[in-house]
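Secondary and tertiary structure notes
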Amino acid sequence: MSTSEQAAIGKLNTNAASNGTLFKLVIFSLSLGIVPLTSYYGSLHYLWNGNSTFAAITAIVAANIVLIAYIILSILEDKQSSQSPTRISAQALESKKER
């Protein structure tokens, strides 16, 4: 592995950390616990008038919405990061050509 490749990998790691990947994971983990519970008890008392079956279905739908949002965000983030290495490697090749 050449020095320019190592530098490109280092830049990618720095970019991944600076994009707040860990922050997004923590936020979605907390919301995966809080949103279904809140939607269950909120819908149990205010929406479904004590029907626990419908309240449980509401909580399941809320949990699935959080999971789908996380998956979509991860796919979009992966697409952005997969486009960046090609630019970095192209810049590294150009600098090798200039030498």
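Everything quoted here is computed from the prediction, not taken from an experiment.

1. Side note on the packing of aromatic side chains
For the coordinates displayed, the defined rule picks out three aromatic pairs. Ring centres of Trp48 and Phe54 lie 5.0 Å apart, and the angle between their planes is 50°; this geometry places the pair in the tilted category. Judged by relative accessible area, Trp48 falls into the partly exposed class, the value being 34%. Owing to a relative accessible area of 40%, Phe54 belongs among the partly exposed residues under this scheme.

2. Overview of the UniProt feature "transmembrane region" (unreviewed entry) in the protein chain
Feature annotation in UniProt places "transmembrane region" (unreviewed entry) on residues 21-42 and 54-76, given in this structure's numbering. Counting secondary structure, residues 54-76 comes out at 100% helix and 0% strand; the distance between its end C-alpha atoms is 33 Å.

3. Side note on the side chain of Ser31
You can see Ser31 is positioned in helix H2 (residues 21-47). When its relative accessible area of 18% is taken as the criterion, Ser31 is described as buried. Sequence-distant contacts of Ser31, defined by excluding residues within four places in its chain, comprise Pro36 and Val66.

4. So, H2
If you look at H2, its biggest bend is around 30°, right at Ser31. Just downstream of H2 lies Asn49, where phi reads positive at about 55°.

5. Concerning the environment of Trp48
Here Trp48 shows up in the loop between H2 and helix H3 (52-98). Separated by ten residues in the primary sequence, Trp48 and Thr58 have C-alpha atoms spaced 9.8 Å apart. Residues in contact with Trp48, not counting those within four places in the same chain, are Ser43, Phe54, Ala55 and Thr58.

6. Comments concerning the environment of Leu47
Mapped onto the secondary structure, Leu47 falls in helix H2. Distance from Leu47 to Thr58, taken between C-alpha atoms, is 9.9 Å for residues eleven residues apart in sequence.

7. Describing the pattern of salt bridges
Counting across every chain of the model gives one salt bridge. One salt bridge connects Lys24 with Glu77, and the closest N-O pair in it is separated by 3.1 Å. With Lys24 in helix H2 and Glu77 in helix H3, this residue pair connects regions lying 53 residues apart in the sequence. According to the relative accessible area criterion, Lys24 is partly exposed, its value standing at 25%.

Rules of the game
- Residues numbered from 1 in each chain as written.
- Predicted model: local features only at pLDDT ≥ 70, side-chain atom pairs only at ≥ 80, totals over all residues.
- Heavy atoms only, no water.
- Phe/Tyr/Trp six-rings, centres within 6.5 Å; stacked < 30°, edge-to-face > 60°.
- Buried < 20%, exposed > 50% of the residue type's maximum accessible area, 1.4 Å probe, protein only.
- UniProt positions renumbered as here; feature names shortened; annotations may be inferred.
- Helix = DSSP H or I, 4+ residues; strand = E, 2+ residues; numbered from the N terminus.
- Contact = heavy atoms within 4.5 Å.
- Bend = angle between axes of the 7 residues up to and from the residue.
- Salt bridge = Lys/Arg side-chain N within 4 Å of Asp/Glu carboxyl O.

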